[in-house]
Amino acid sequence: MASEQGRNGMSGIGGTGWRGSWLLRGIALAVAVYVVGVLALMWWWSTEPDHFDVVATTQARSASKNQPVVTGSVTTSALMTCAETLLDKRGGYLSNDKLPPGVLMDDLPNWEFGVLTATRDLTREMRNKFARSQSQSEEDPDLKEADPLFSSPNNRWLLPSSESQYRKAIARVDGYFVRVGRNDPNGAQFYPRADNLADYLDLVSNRLGSLSQRLSASAGQLRLEGDAPVAGGEAGSEQRAQVVRTPWMKIDDIFYESRGYTWALLQQLQAFEVDFGPTLQRKGAVVSLKQIIRELEEAQKPVHSPIILNGQPFGFFANHSLVMANYISRANAAVIDLRELLKRG
């Protein structure tokens, strides 16, 4: 009797242990599947979007609205398509994600910020210059609303979220696109003047110059801050120097922000080549614009390394930031030349 009870007790303990073992295995398997799924999504979402044909996209957009392609259509369409790509690419908009895998990613969110910067710049320039005949002209009502909507914080997930604000901005720009396409002298207009383009290129030059400096600091850079005052408050020849080095964790962030900005800028310049074509030809500046486009195309070549390398300038390993800085600096030099051409009478 006692031996039978002992066997029953051992059987109960063994059954409980067996069930507990399988429960732990099931939990471990679920965690492993989750981790693999998150890693797979991170890899899938990390692909940068392809470039698009600004002319073909504009023609399709205009055809869907039963209106012709007019001056300004290509630039406006490129602006909207860049913003739509920002929101509708693989994984959607990631900058405000609070859950995996988006919250674990930083390369694509920085790419998004670069695209958003170029989108904000062009929207503001269209509001202030491209859509107005002179400084005393009235602002376009749609662009007036789109500008602050695009300026909404890029990482807001509470209502109204960043995505909802940006979609409202796209809808406003689309309203301007429709009204420009009507070709009504009393309606929305687009003025492809040389001074308007020169003003925007001045802002572009500042953006490119800043990105170039930040990229160059990846390997450490000695910078002179200018003449330091001497005794008596007069300017002297002494200069303050400091070594500027990008933190190791920020190197890939700056690299992908630069990739995003130049991606969007490339699309904008290809649109300008169409809408500002007569102005560029009149100023003899077509080749200068094509040179900028070529440099930006080089900056957008695929990155074949799984990580952004940060070797010394003449070291054994590559330094991707310095390579990007080189293309951006060359593009900036061409932007400055183009701007001077446009300013000449």
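Whatever comes next refers back to the structure up there.
Procedures and definitions
- Residues numbered from 1 in each chain as written.
- Predicted model: local features only at pLDDT ≥ 70, side-chain atom pairs only at ≥ 80, totals over all residues.
- Heavy atoms only, no water.
- Helix = DSSP H or I, 4+ residues; strand = E, 2+ residues; numbered from the N terminus.
- Buried < 20%, exposed > 50% of the residue type's maximum accessible area, 1.4 Å probe, protein only.
- Areas by Shrake-Rupley, 256 points an atom, 1.4 Å probe, with all protein chains shown as cover.
- Axes fitted to C-alpha atoms, helices over the stretch in contact; angles between N-to-C directions.
- Parallel < 35°, antiparallel > 145°, perpendicular 65-115°, else oblique.
- Left-handed = near helix turned anticlockwise from the far one by under 90°.
- Contact = heavy atoms within 4.5 Å.
- Nonpolar A, V, L, I, M, F, W, Y, C, P; charged D, E, K, R; others polar.
- Patch = residues over 30% accessible without salt bridge, like charges linked within 9 Å, V, L, I, M, F, W, Y side chains within 5 Å.
- Salt bridge = Lys/Arg side-chain N within 4 Å of Asp/Glu carboxyl O.

A. Here's a closer look at the overall build of the protein. Assigned secondary structure in the protein consists of 11 helices and 2 strands. Helices and strands in the protein line up, N terminus first, as α-α-α-α-α-α-α-β-β-α-α-α-α. The buried share among the 345 residues of the protein stands at 44%. For the protein, the exposed surface amounts to about 18300 Å²; the carbon and sulfur share of it is 57%.

B. Quick look at the environment of Val 35. Here Val 35 is to be found in helix α1 (residues 2–45). Sequence separation between Val 35 and Pro 100 is 65 residues, and the spatial gap between their C-alpha atoms is 9.8 Å.

C. Highlighting the packing of helix α10 (residues 286–299) against helix α11 (residues 320–343). It is at 9 Å that the axes of α10 and α11 come closest, and there the two elements cross at 165°. The angle between the axes of α10 and α11 places the two elements in the roughly antiparallel class. In the crossing of α10 with α11, the sense of the turn from one axis to the other is left-handed. Contacts between α10 and α11 involve Ser 288, Leu 289, Gln 291, Ile 292, Arg 294, Glu 295, Leu 296, Glu 298 and Ala 299 from the first element and Met 324, Tyr 327, Arg 330, Ala 331, Ala 334, Val 335, Leu 338 and Leu 341 from the second. Per-class residue counts for the contact of α10 with α11 are 11 nonpolar, 2 polar and 4 charged.

D. Representation of a nonpolar patch on the surface in the model. On the surface, a nonpolar cluster with roughly 710 Å² of combined accessible area is contributed by Leu 23, Leu 24, Ile 27, Val 31, Tyr 34, Val 35 and Leu 39. Tracing the backbone shows Tyr 34 in helix α1.

Scope: geometric values only; no functional claims are made or implied.
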